[in-house]
Number of protein chains: 2
Amino acid sequence: MYEHYAFALYSPVPYNLIMTNKGKLSTAPYKGVRDFYPEDMAVQRYMFDVWRMTAEHFGFEAYDASILEPSNLYRAKGAENAEIINEQTYTFTDRGNREVTLRPEMTPTVARMVAGKRRDLTFPVRWYSIPNLFRYERMQRGRLREHWQLNCDIFGVDDVSADIEILLLANEIFKNFGAENGEHYAIHVSSRRLLEALYDSVDLSEDARREATRLADRKNKMEPGDFKEKMTAICGDAAKDVLTYLNADNINVVPEGIKKHDAYTELQTLIATMEETGTPVVFDPTIIRGFDYYTDTVFEVVDLHPDNNRAMMGGGRYDNLTEMFGGEPIPGIGFGFGDVTLRDFLESHELMTTDITSPTLAVLPTDTEKNIAAQKLAQHFRNAGIATSVDVSNKKVGKKIANAGEQFIDYALVLGEDEIDSESYTVKDLIEGTELSGTLQDLIDQLTNNG
Amino acid sequence: MYEHYAFALYSPVPYNLIMTNKGKLSTAPYKGVRDFYPEDMAVQRYMFDVWRMTAEHFGFEAYDASILEPSNLYRAKGAENAEIINEQTYTFTDRGNREVTLRPEMTPTVARMVAGKRRDLTFPVRWYSIPNLFRYERMQRGRLREHWQLNCDIFGVDDVSADIEILLLANEIFKNFGAENGEHYAIHVSSRRLLEALYDSVDLSEDARREATRLADRKNKMEPGDFKEKMTAICGDAAKDVLTYLNADNINVVPEGIKKHDAYTELQTLIATMEETGTPVVFDPTIIRGFDYYTDTVFEVVDLHPDNNRAMMGGGRYDNLTEMFGGEPIPGIGFGFGDVTLRDFLESHELMTTDITSPTLAVLPTDTEKNIAAQKLAQHFRNAGIATSVDVSNKKVGKKIANAGEQFIDYALVLGEDEIDSESYTVKDLIEGTELSGTLQDLIDQLTNNG
């Protein structure tokens, strides 16, 4: 199907280029990106595994795509917009004169993929991915230029039951990390359609809507008096209803004028159903999440840690996104959740419990002349299903045992002349401090029973 | 530790840019890269899982790094070399005037990481990673510009026992994919150091060595007569021994002059030990693998399929690579194995058996008014540990059942008015054609016992 990919055999970078570089290079990674040494990778693996397990528990299927996307996936027509994209993303021109962008978001990609196979896919489509995403911006202290983000989306369902499912999934992810709804986090929901219904009910102009929405997005960072004053300046007579709505702390106290609207009924159903499933959500009319993308339900999961009381992730309904590829729009709802944000959350609440898997057995030859014998012996243990490493360094055996302990290895087998001659071995249990002895087969029997 | 990464909440690409783009965009991915729809992703997951499991079974620890690397990691001093790099990799200048490359190989990265923490690491280091790699070249039909590659390396061991371990690991990977050594693949080994010993024994000039090595690398693509003639032109009187060596089909028939060299003894030990562990390897003096990078053992795994008889993956010992970061060089040995090559191998030998995991239960409301009730019911099954999806589309229920069957779902529960009123449900076993009935709790009990 594919032409063979030559990387595996011949490097595109001739090896002598590397070897002839005698200047000492820095060992630092590129600015704004991270190296994952094994201890960091174990954390990453734990987080990704919980994400995957939870998404699959809801029947979501994994997909992926390249980090390279044609730039026009993100590009509007005007030169001004094009400039914004170039300043905020890694975008460059390839030698075929194609503009390429390192994807900053997964949603345009998943919309492209769904639109591309709309005739072959069985809707509803439930897909998840954990893409690597990139952004370019002037460096600020500690800001990263890349991260990984869980993306979960449902395509092809335009009723509120899909919104409920997405919220249940978001909640279950937190639950599976050991967090409690209401104690560690809260789910805040709103509706862009309901906000539009409110504006309709007070007959607000397009310009005033845009300004009012922008202000609402900043409400929680402002003094109440200041907010009220600015909103009144924007909305005039309509300010009373707009303020009543944006100050509402539950869905029953919104202005009467919008209670007949079906966006209201739907949001009510969503909130009531979530309550019934034991997953309470908070009506929060200040949730906005961008300006023109979301069409209906929007939500955020907020960290309840007193030092870190902010939105960690969020999403919403975007019913028109596939339009740009032609054809009838396919309704979508989904969310994104970044690895850095999750790690901060888990660490600040002391919920990080990585299950670092490590080899069960280490074979430790007493000197390097026993290394070959050690490799042969190790292979017998591996064949019996026991994860086994060999310390073939020239360290003293006591140091080898200490290292094995530091690496959380469960058992150590010291291999010297006597053991090789007698074919009888002793395995130390590094955690309990006990010992097992016997032939290879004896030990395999004992270790696989104890394992 | 990190500043919060804003991606999760606010897109660097303002959503209105996407929405105002009314021109119809292509749904094709960027040239030379792949979209992974769920059926492809299942294959990828299967391959990556076997890779990971096998590496961890040998005590290897996972690491990772960003695809973005400073270009000077790959850059030599001369302008000519710089040009080669620019033409074969994705390299661009960021707005901080840094040259950045999308990594074409993982080995320079892992050498950078090991050198960067040489004081903190406990050697021997056994690390693996499955990085995404990129190369730029003029498009040829079907050639890819990116792939994923398993990389396994051992650092800090300069004796042949590490070479043996790496070969055992390479073999075990193929074994765990259901392939048989000698039937589906063969492992070919050689030694760069032994080749140098041969050149020393016949006192070949540097220039002739370089030319002879290049020719040896192409031996299997040439007519024997043509090869002999060209080698004689290069080596003159020394050609006899060089040809004897390069034509040797086992290590015992190489010229006597090199049999005393310790590179010979080591390679003999390696071949004999592999034979003893039931993992035969083939001495193949034509294995070269690049020019200046490898210092000693080199190997390739060759596909034995008659239509595809070529090297699939390979590696070797590179004892000086960390030198470019300063300090004492840290010996290394490792290999890379690409996903596209592996997939071709598994498919051509009919060894591909992806274990596509799918939800156990699908809840199918008879119409969209039951969608909310269906979500609530599904959540009870999920809470009991049963992977559950809900078909909230407006399809007829017969069509929903058919779709569930196509998606390899095991059980379907049709939810109509009667079921909601009576709180008694029927679950169809879509594979066996049988049915289970009862309350929610009855069904959970039966499904978790049957699961």
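This text follows the structure it describes.
Okay, so let's go over this structure.

So, about the overall build of chain A. Tallying secondary structure elements over chain A gives 15 helices and 19 strands in all. Counting all 451 residues of chain A, 59% fall into the buried class. Within chain A, contacts between residues separated by at least 24 positions form 65% of all contacts whose residues are at least 6 apart in sequence. Approximately 18,300 Å² of chain A is accessible, and the part contributed by carbon and sulfur atoms is 45%.

Residue and element names in this part refer to chain B. The sheet built from 5 strands is open, its strands ordered β16-β15-β17-β18-β19 with mixed pairing. Two strands lie at the open edges of the sheet, namely β16 (388-390) and β19 (435-438), each paired on one side alone. This sheet shows a mean twist of 25 degrees between the axes of neighbouring strands, independent of strand direction. Sheet topology places strand β17 (residues 411-415) next to strand β18 (residues 425-429); 3 bridges connect them, and they run antiparallel. Opposite L413, over in β18, you have V427 as the bridge partner.

Residues and elements named next belong to chain A. Its 13 residues place the ends of helix α12 (residues 371-383) 18 Å apart at the C-alpha level, agreeing with the 18 Å of an ideal helix rising 1.5 Å per residue. Among all positions in α12, only N371, I372, A374, Q375, L377, A378, Q379, F381 and R382 are buried. G385 occupies a position one or two residues after α12 and carries a positive phi of about 90 degrees.

Counting 197 residues, the largest nonpolar core has L270 and F335 of chain A together with L270, F335 and F381 of chain B as the members making the most contacts within it. In this structure, L270 of chain A is in contact with V160, D163, I164, L167, V189, V281 and T297 of chain A, ignoring residues within four places of it in sequence.

Quick look at the pairing of strand β19 (residues 435-438) of chain A now. Residue and element names in this part refer to chain A. The alternating pattern of β19 places L436 and G438 on a buried face and E435 and S437 on a face that is not buried. In this structure, strand β18 (residues 425-429) lies alongside β19, joined through 4 bridges in antiparallel fashion. Among the inter-strand pairings, T426 is bridged to a residue of β19, identified as S437. Between the antiparallel neighbours β18 and β19 lie 5 residues, among them G433 with a positive phi of about 80 degrees.

All right, on to the environment of S190 of chain B then. Summarising the element assignment, S190 of chain B is placed in strand β10 (residues 185-191). Sequence separation between S190 of chain B and R98 of chain B is 92 residues, and the spatial gap between their C-alpha atoms is 40 Å.

The next point concerns the packing of helix α6 (residues 192-201) of chain A against helix α9 (residues 239-247) of chain A. Residues and elements named next belong to chain A. At their nearest, the axes of α6 and α9 sit 10 Å apart, and the two run at 160 degrees to each other. If you check the angle between α6 and α9, you find them roughly antiparallel. Regarding α6 and α9, the two cross each other, and that crossing is right-handed. Mapping the contact onto sequence places L194, L195 and L198 in α6 and D241, V242 and Y245 in α9. Its residues placed into classes, the contact of α6 with α9 shows 5 nonpolar, no polar and 1 charged.

Once that is clear, we can look at α9 of chain A. Residue and element names in this part refer to chain A. Looking at α9, one finds that the buried residues are A239, V242, L243, Y245 and L246. Projected down its long axis, α9 carries its buried residues within an arc of 160 degrees, all on one side. Residues of α9 that are buried sit in contact with β10 (185-191), α6, α7 (206-217), α8 (224-235) and β11 (282-283).

Let's shift gears to unusual backbone geometry. Trans is the common state for peptide bonds, and a negative phi is the common state for residues other than glycine. All names here are of chain A. Look at the link from F123 to P124: it is a cis peptide, with omega at 0 degrees. Tracing the backbone shows P124 in the loop between α4 (107-116) and β7 (125-129). Positive phi is not limited to glycine here, since E350 has a value of about 55 degrees. Mapping E350 onto the fold places it in the loop between α11 (339-348) and β15 (361-365). Given a relative accessible area of 73%, E350 falls into the exposed group. Positive phi is not limited to glycine here, since E423 has a value of about 55 degrees. If you trace the backbone, E423 turns up in the loop between α14 (417-422) and β18.

In this section: the pattern of salt bridges. Residue and element names in this part refer to chain A. If you walk through the whole model with that rule in mind, you get 52 salt bridges over all chains. With a closest N to O distance of 2.7 Å, D207 and R210 form a salt bridge. Here D207 pairs with R210, and both are found in helix α7, just 3 residues apart, close to one helical turn. Residue classification places D207 among the partly exposed positions, given a relative accessible area of 47%. R210 sits in the partly exposed class, given a relative accessible area of 40%. Each of R193, D262, E266 and D296 takes part in one network of salt bridges that share partners.

Let us now look at the packing of α8 of chain A against α9 of chain A. Pairs of packed helices are described in terms of their axes, by the angle between the two and the distance that separates them. Residues and elements named next belong to chain A. It is the contact of α8 with α9, at a shortest axis distance of 9 Å, that shows an interaxial angle of 135 degrees. Judged by the inter-axis angle, α8 sits oblique to α9. Considering only the axes of α8 and α9, their crossing is right-handed. Across the interface between the two elements, F227, K228, M231, T232 and C235 of α8 pack against A239, V242, L243 and L246 of α9. Of the residues contributing to the contact of α8 with α9, the split by class is 7 nonpolar, 1 polar and 1 charged.

Residues and elements named next belong to chain B. For the structure shown, the criterion picks out 29 aromatic pairs over all chains. Between F174 and F337, the ring centres sit 5.1 Å apart and the planes meet at 25 degrees, which makes this aromatic pair stacked. Note that F174 is positioned in helix α5 (residues 160-176) and F337 in strand β14 (residues 332-338), a separation of 163 residues in sequence. Overall, the relative accessible area of 1% leaves F174 in the buried class.

How each quantity is defined
Residues numbered from 1 in each chain as written. Chains lettered and ligands numbered in written order. Predicted model: local features only at pLDDT ≥ 70, side-chain atom pairs only at ≥ 80, totals over all residues. Heavy atoms only, no water. Helix = DSSP H or I, 4+ residues; strand = E, 2+ residues; numbered from the N terminus. Buried < 20%, exposed > 50% of the residue type's maximum accessible area, 1.4 Å probe, protein only. Contact = heavy atoms within 4.5 Å. Areas by Shrake-Rupley, 256 points an atom, 1.4 Å probe, with all protein chains shown as cover. Pairing = 2+ DSSP bridges. Axes fitted to C-alpha atoms, helices over the stretch in contact; angles between N-to-C directions. Expected span 1.5 Å × (residues − 1). Core = buried A, V, L, I, M, F, W, Y, C linked by side-chain atoms within 4.5 Å. Parallel < 35°, antiparallel > 145°, perpendicular 65-115°, else oblique. Left-handed = near helix turned anticlockwise from the far one by under 90°. Nonpolar A, V, L, I, M, F, W, Y, C, P; charged D, E, K, R; others polar. Arc of directions from axis to C-beta. Salt bridge = Lys/Arg side-chain N within 4 Å of Asp/Glu carboxyl O. Phe/Tyr/Trp six-rings, centres within 6.5 Å; stacked < 30°, edge-to-face > 60°.

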